[in-house]
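Each chain, letter by letter, is given below.
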Amino acid sequence: MKKIIFLFLILSQNYIVAQNDDEKNPLLNVSFEKFKKIIDETESDSLIVRGNGIQDLGRFINDKDISKIYYKSSIYAFTKCIDEETNLYEAYKERGRSLSYLKEYNLALRDFTKATEYNESDPIIFYLKALTKESIEDNYGAISDFKKAESLSEDNEFKSKALTKITHNQMFVGITDEILENLNKAINYWPKNALAYFIRGKYFILFEEKKQKGCLDLSRSNELGYPLAIDAIKENCKFKE
């Protein structure tokens, strides 16, 4: 699937270049109408790949107004999938993802919920739902969905990230009894989880007798590249970076 999407990215870029060969950066000189033409010429069984390709291209664009064109165009492709009743799970999931990028969070949640009617065993859909709920500060809802995502996944890195997200949201609502257990699990699952080390380090520093452990965790987080770790070290720890 990744090879197919990569090929589509190349073909899509070439198509746009052909339409705008007088422009220095053809990826920026796009319009919904141009993408609509591409999508309307796409066969039903290829619509999901086309939508995913356009969505992925949108992530490369730093200009928010331009990237919106990509996301709205991908939504058009996914909506066509839904209208033609093809790849319904992927179509609802990916349309929800694009809507979330556009900060249409309630519409995104509607699509993610609809997607679970077609597939209840994919941890990705619950992770996406949780991220969206986190964006609207529904921390309890986010915790529930992150837990579901973690329980369904067999990938240790994914489980680690989900557990870290659970802890992050629990801290916002004052649930403290599971913090250390979740962070320990997260680090055991994936020892390169810089955010988990950072949060655990900040947690340990709250207790004078655990401050040294906290500083060691912050140091490890810094080694793994977490950008906020160095300031936390300077603020709380005696040893230098």
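Fair warning: this is a prediction, and the values are worked out from it, not measured in the lab. (Residues numbered from 1 in each chain as written. Predicted model: local features only at pLDDT ≥ 70, side-chain atom pairs only at ≥ 80, totals over all residues. Heavy atoms only, no water.)

### What to know about the pattern of salt bridges
Now for step 1: Enumeration over the complete set of coordinates arrives at 18 salt bridges.
Now for step 2: Between Asp40 and Lys36 there is a salt bridge, with the nearest N and O atoms lying 3.1 Å from each other. Placement of both Asp40 and Lys36 in helix H2 (residues 32-40) is noted, with a separation of four residues, approximately one turn of the helix.
Now for step 3: For Asp40, a relative accessible area of 34% corresponds to the partly exposed category. (Salt bridge = Lys/Arg side-chain N within 4 Å of Asp/Glu carboxyl O. Helix = DSSP H or I, 4+ residues; strand = E, 2+ residues; numbered from the N terminus. Buried < 20%, exposed > 50% of the residue type's maximum accessible area, 1.4 Å probe, protein only.)

### What about the state of the cysteines?
Now for step 1: Summed over the entire model, instances satisfying the criterion amount to one disulfide.
Now for step 2: Disulfide partner of Cys215: Cys237, at an S-S distance of 2.0 Å. Here Cys215 and Cys237 share a disulfide; its torsion about the S-S bond, -100°, makes the bridge left-handed. Of the two residues, Cys215 is situated in helix H12 (residues 211-223) and Cys237 in the segment after helix H13 (229-236); the sequence distance between them amounts to 22 residues. An identical accessibility class is assigned to Cys215 and Cys237; each is buried. (Disulfide = S-S within 2.5 Å.)

### Observations regarding a positive patch on the surface
Now for step 1: Residues Lys64, Lys68, Lys72 and Lys103 make up a contiguous surface patch of positive charge.
Now for step 2: Along the chain, Lys64 turns up in helix H4 (residues 64-83).
Now for step 3: On the accessibility criterion, Lys64 (65% relative accessible area) is exposed. (Patch = residues over 30% accessible without salt bridge, like charges linked within 9 Å, V, L, I, M, F, W, Y side chains within 5 Å. Areas by Shrake-Rupley, 256 points an atom, 1.4 Å probe, with all protein chains shown as cover. Lys, Arg positive; Asp, Glu negative; His and termini not counted. Charge placed at Lys NZ, Arg CZ, Asp CG, Glu CD.)

### Some details on the packing of helix H9 (residues 156-173) against helix H10 (residues 179-189)
Between two packed helices, both the angle of their axes relative to each other and the distance between the axes serve to describe the pair.
Now for step 1: Viewed as axis vectors pointing N to C, H9 and H10 meet at an angle of 160°, and their least axial separation amounts to 8 Å. Relative to H10, the element H9 lies roughly antiparallel. Seen from above, H9 lies across H10 with left-handed handedness. Note on element contacts: H10 touches H9 through Ile179, Asn182, Leu183, Lys185, Ala186, Ile187 and Tyr189, opposite Asn156, Lys159, Ser160, Leu163, Thr164, Ile166, Thr167, Gln170 and Met171.
Now for step 2: Residues that form the contact of H9 with H10 fall into these classes: eight nonpolar, six polar and two charged. (Axes fitted to C-alpha atoms, helices over the stretch in contact; angles between N-to-C directions. Parallel < 35°, antiparallel > 145°, perpendicular 65-115°, else oblique. Left-handed = near helix turned anticlockwise from the far one by under 90°. Contact = heavy atoms within 4.5 Å. Nonpolar A, V, L, I, M, F, W, Y, C, P; charged D, E, K, R; others polar.)

### So, the confidence of the model for the chain
Now for step 1: Averaged over all residues, the pLDDT of the chain is 89; the fraction at 70 or higher stands at 87%.
Now for step 2: For the stretch residues 1-23, pLDDT sits under 50, and the model shows 25 contacts to residues farther than four places along the chain or on other chains. (pLDDT = per-residue confidence, 0-100.)

### A word on the side chain of Asn236
Now for step 1: Turning to its location among the elements, Asn236 is positioned in helix H13.
Now for step 2: Classification of Asn236 by relative accessible area gives buried; the value is 17%.
Now for step 3: Of note is the side chain of Asn236, whose polar atom sits 2.8 Å from the backbone oxygen of Ala232.
Now for step 4: Other than its neighbours up to four places away in sequence, Asn236 contacts Lys202, Ile205, Lys211 and Cys215. (Polar contact = N/O pair within 3.5 Å; in protein donor to acceptor, adjacent residues only side chain to side chain.)

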